[in-house]
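Chain residues, written in single-letter form:
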Amino acid sequence: MAENKYDEQAFFDKYSEMNRSKNGLQGAGEWEALKQILPDFTDKRVLDLGCGYGWHCNYAAEKGARSVIGVDISRKMLEVAKEKTDSSRVEYIQQSIEAVDYRNESFDIILSSLAFHYVEDYQQLVKNIHRMLDREGVFIFTVEHPIFTAHGSQDRHYKNNEIQHFPVDNYFHEGKRSANFLGETVTKYHRTVTTYVNTLLTNGFKLNHVIEPTPLEAMMDVPGMKEELRRPMMLIISATKL
């Protein structure tokens, strides 16, 4: 059974206070980089894996998608998503990413934002996504950068209350990590950049983009954003089904 930390009230309350939770796509440091490489949504069938509050689902609908399905394991996340959605072309389903099983070639675009580092079997997920995508369909996703997930603690080292450095260790040792996220212990899965990329290449995809995004200058006043320039926190990958 996939972990569902977001339905725990204390954790969900903390998540709700994050900049990206309160300000939507504009509050996400990686959004501007991601937006530049998103495909044309016009008349497309879209699947969002780990849709959270539904920000990307609504964006796809606004850009002309024919249909959008947002999948998330969290009931609380989907309750918020439904409140924020007024398009009849968007549908939300409570389900784990690993359990998604639509028929072959059901979608033109499959996207995911900051969810795959919660998935243990990335290769099987990629195989399933390839099967569900139509010919020349686009797969685009963001994950926590492997430099960020490698050590596990995901916390900086401090001296006299000042940040000294961010630890990177056991980079090539892939697998389960117990991470400190929003003051709670959360299970994540670390894998290398090589694994993220080569798994796509060996399972019927061609790469379009690999991006390590940085926050915009205009976001530098947001608490913590300046520190995001000291090490990569996110990775964006776009690929097309061959």
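For the structure itself, look to the data block above.
Residues numbered from 1 in each chain as written. Predicted model: local features only at pLDDT ≥ 70, side-chain atom pairs only at ≥ 80, totals over all residues. Heavy atoms only, no water.

J.: Would you mind showing me how to read the environment of Tyr-15 here?
T.: Tracing the backbone through its elements, the reader meets Tyr-15 in helix H1 (residues 9-16). Separated by 125 residues in the primary sequence, Tyr-15 and Ile-140 have C-alpha atoms spaced 24 Å apart. The residues contacting Tyr-15, other than those within four sequence positions of it, are Tyr-6, Arg-20, Ser-21, Tyr-53, Met-77 and Leu-182. (Helix = DSSP H or I, 4+ residues; strand = E, 2+ residues; numbered from the N terminus. Contact = heavy atoms within 4.5 Å.)

J.: What exactly am I supposed to notice about the sheet that holds strand E5 (residues 133-144) here?
T.: Sheets are built from strands paired through backbone hydrogen bonds, the pairs being either parallel or antiparallel. Reading across from one edge, E3-E2-E1-E4-E5-E11-E10 is the order of the 7 strands in this open sheet, with mixed pairing throughout. Since the sheet does not close on itself, it has two edges, and those belong to strand E3 (90-94) and strand E10 (205-211), each with one partner. Averaged over all pairs of adjacent strands, the angle between strand axes in this sheet comes to 15°, irrespective of strand direction. Examined bridge by bridge, strand E2 (residues 67-72) and E3 share 5 bridges and lie parallel to one another. Bridging from a neighbouring strand, Gly-70 pairs with Tyr-92 of E3. (Pairing = 2+ DSSP bridges. Axes fitted to C-alpha atoms, helices over the stretch in contact; angles between N-to-C directions.)

J.: Mind showing me how you'd approach helix H6 (residues 122-132) here?
T.: An α-helical turn contains 3.6 residues, so any two residues separated by three or four positions project in the same direction. When H6 is considered as a whole, its buried residues turn out to be Tyr-122, Leu-125, Val-126, Asn-128, Ile-129, His-130 and Met-132. Summarising the contacts, the buried residues of H6 are in contact with strand E1 (45-49), strand E4 (107-113), E5, helix H8 (193-201), E10 and strand E11 (234-241). (Buried < 20%, exposed > 50% of the residue type's maximum accessible area, 1.4 Å probe, protein only.)

J.: Would you mind going over the nonpolar core with me for this structure?
T.: One broad trend across soluble globular proteins is that nonpolar side chains are buried collectively. In this structure, Leu-47, Ile-110, Phe-116, Ile-129, Phe-139, Phe-141 and Leu-200 are the most contacted members of the largest nonpolar core, which totals 27 residues. Of all elements in the fold, only E1, E2, E4, H6, E5, H8 and E11 reach the threshold of two or more residues within this core. Examining the composition of this core, we find that 5 residues originate from one element, H6, more than from any other. Setting aside chain neighbours within four positions, we find Phe-116 in contact with Leu-49, Ile-97, Tyr-122, Leu-125, Ile-129, Phe-139, Phe-141, Val-143 and Arg-191. One finds Leu-34, Ala-61, Val-90 and Ile-140 within the second-largest nonpolar core, a separate group that totals 23 residues. (Core = buried A, V, L, I, M, F, W, Y, C linked by side-chain atoms within 4.5 Å.)

J.: Is there a simple way to explain the packing of aromatic side chains in this structure?
T.: Centre distance and the angle of the planes are the two values used to describe a pair of aromatic rings. Taken as a whole and assessed by the stated rule, the structure comprises 19 aromatic pairs. Judged by centre distance (6.2 Å) and plane angle (45°), the ring pair of Phe-141 and Tyr-196 falls under tilted. In this pair, Phe-141 sits in strand E5 while Tyr-196 sits in helix H8, placing the two residues 55 residues apart along the sequence. Each member of the pair, Phe-141 as well as Tyr-196, carries the same accessibility label: buried. Among the aromatic side chains, those forming a connected cluster through ring pairs are Tyr-6, Phe-11, Phe-12, Tyr-15, Tyr-53, Trp-55, Tyr-118 and Phe-181. When the ring centre of Phe-12 is taken as origin, the NZ or CZ atom of Lys-76, which lies over that ring, is 5.9 Å away. Residue placement shows Lys-188 over the ring face of Phe-181; its charged tip is 4.7 Å from the ring centre. (Phe/Tyr/Trp six-rings, centres within 6.5 Å; stacked < 30°, edge-to-face > 60°. Lys NZ or Arg CZ within 6 Å of the ring centre and 35° of its normal.)

J.: I tried to follow the side chain of Asp-7 on my own but got confused; where do I start?
T.: The residue Asp-7 is located in the segment before H1 in this model. In this structure the side chain of Asp-7 is engaged in a polar contact, spanning 2.7 Å, whose partner is the side chain of Ser-74. A distance of 2.9 Å separates the side chain of Asp-7 from the backbone nitrogen of Lys-76, its partner in a polar contact. Excluding its chain neighbours within four sequence positions, the residues that come into contact with Asp-7 are Ile-73, Ser-74, Arg-75, Lys-76 and Gln-94. (Polar contact = N/O pair within 3.5 Å; in protein donor to acceptor, adjacent residues only side chain to side chain.)

J.: Looking at this model, I keep getting lost on the packing of H6 against H8. Mind explaining?
T.: Packed helix pairs are specified by the crossing angle of their axes together with the interaxial distance, meaning the distance between the axes. Interhelical geometry of H6 versus H8 gives an angle of 35° and a closest axis separation of 10 Å. Crossing of H6 over H8 shows right-handed handedness. Of the residues in H8, those touching H6 at Tyr-122, Gln-123 and Val-126 are Thr-195, Tyr-196, Thr-199 and Leu-200. Counted by class, the contact of H6 with H8 contains 4 nonpolar, 3 polar and no charged residues. (Left-handed = near helix turned anticlockwise from the far one by under 90°. Nonpolar A, V, L, I, M, F, W, Y, C, P; charged D, E, K, R; others polar.)

J.: What exactly am I supposed to notice about the environment of Phe-107 here?
T.: One can find Phe-107 in strand E4. The exposure class of Phe-107 is buried, given its relative accessible area of 4%. For Phe-107 and Gln-94, which are 13 residues apart along the polypeptide, the C-alpha to C-alpha distance reads 18 Å. If near-sequence neighbours (up to four positions away) are discounted, Phe-107 is found in contact with Arg-45, Val-46, Leu-47, Ile-69, Tyr-102, Met-132, Leu-133 and Asp-134.

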